[in-house]
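# Observations on the model geometry
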Amino acid sequence: MGDDPARLYRLDGVAHIAGVINEEPQRCIRSMRRQQDMVLDDRYVPYLQMAAWVWFEELFGVVPPPSQVQKYAVNCSWFQETFGECPEGADEDTVRRYARAYIMMLLGTQLFADKSGNRVHIRWLPFVARLEEMGTYSWGSAALAWLYRI
């Protein structure tokens, strides 16, 4: 799979949209349309939403079944069942997938928990895409901003 930046970040705008699309999809899409100064037909919206799950599959090698997804949040039980224990003798790509899942669980349930307490939002995909950059983010500042958000 590799960490080819051209491939990982081709959906960067979509990933940002997916972060809040479950809250106010039309406002978010229209905001992106203004930022990009381009016409965005409402018929495109389902494809933009689908693109986030395509990226999820590229990063984790699997997409959760619809019964395990609520809007853009995946049930923790699915993460635990699917990525609970990394197999012995796993190749580097498999270890990276399991590491991403572990970090997604930490981000979604510990550092940036929401009221559900049992789901992990896919808004964290851009942060686990390049594991070697995880240490460059200011997680303390982000956690405080998340804690005191209005």
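Reading the values: the criteria
Residues numbered from 1 in each chain as written. Predicted model: local features only at pLDDT ≥ 70, side-chain atom pairs only at ≥ 80, totals over all residues. Heavy atoms only, no water. Phe/Tyr/Trp six-rings, centres within 6.5 Å; stacked < 30°, edge-to-face > 60°. Helix = DSSP H or I, 4+ residues; strand = E, 2+ residues; numbered from the N terminus. Buried < 20%, exposed > 50% of the residue type's maximum accessible area, 1.4 Å probe, protein only. pLDDT = per-residue confidence, 0-100. Contact = heavy atoms within 4.5 Å. Pairing = 2+ DSSP bridges. Axes fitted to C-alpha atoms, helices over the stretch in contact; angles between N-to-C directions. Parallel < 35°, antiparallel > 145°, perpendicular 65-115°, else oblique. Left-handed = near helix turned anticlockwise from the far one by under 90°. Nonpolar A, V, L, I, M, F, W, Y, C, P; charged D, E, K, R; others polar.

This part is about the packing of aromatic side chains. All told, the structure shown has 19 aromatic pairs when counted by the stated rule. Ring geometry for Phe127 and Tyr137: centres 5.4 Å apart, planes at 85°, overall edge-to-face. A residue pair is termed long-range when its members are at least 10 positions apart, and Phe127 in helix α7 (residues 125–128) and Tyr137 in the loop between α7 and α8 (139–147) qualify at ten residues. A residue is classified by how much of its surface remains accessible, and Phe127, at 28% relative accessible area, is partly exposed. Grouped by ring-pair contacts, the aromatic residues Trp53, Phe56, Phe60, Tyr72, Trp78, Phe79, Phe83 and Tyr98 constitute a single cluster.

So, on to unusual backbone geometry. With a phi angle near 55°, Lys71 is a residue other than glycine that sits in the positive phi range. Its location among the elements puts Lys71 in the loop between β1 (69–70) and β2 (73–75).

Chain-level statistics for the protein chain give a pLDDT mean of 77 and a share of 69% at 70 or above. Per-element mean pLDDT across the protein chain ranges from 43 in helix α2 (residues 12–20) up to 94 in helix α5 (residues 76–83). In the model, residues 7–25 has pLDDT below 50 throughout and makes 36 contacts with residues more than four positions away in sequence or in other chains.

Attention now goes to the sheet that holds β1. In spatial order, the strands read β1-β2-β3; together these three strands make up an open sheet with antiparallel pairing. Looking at the sheet topology across the chains shown, the edges are occupied by β1 and β3 (119–121). Pairing between β2 and β3: three bridges, direction antiparallel. Within β3, the position partnered with Asn75 by the bridge is Arg119. Across the sheet, α5 lies against β2 and β3, angled at about 60° from β2, the strand it touches most.

This brings us to the packing of α5 against helix α6 (residues 92–111). Relative orientation of the contacting elements α5 and α6 amounts to 155°, with a least axis distance of 10 Å. Taken together, the axis directions place α5 and α6 in an arrangement best described as roughly antiparallel. For the crossing formed where α5 meets α6, the hand is left-handed. In contact with Cys76, Phe79, Gln80, Thr82 and Phe83 of α5, α6 contributes Arg97, Tyr98, Ala101, Met104, Met105 and Thr109. Here the contact of α5 with α6 is composed, by residue class, of seven nonpolar, three polar and one charged.

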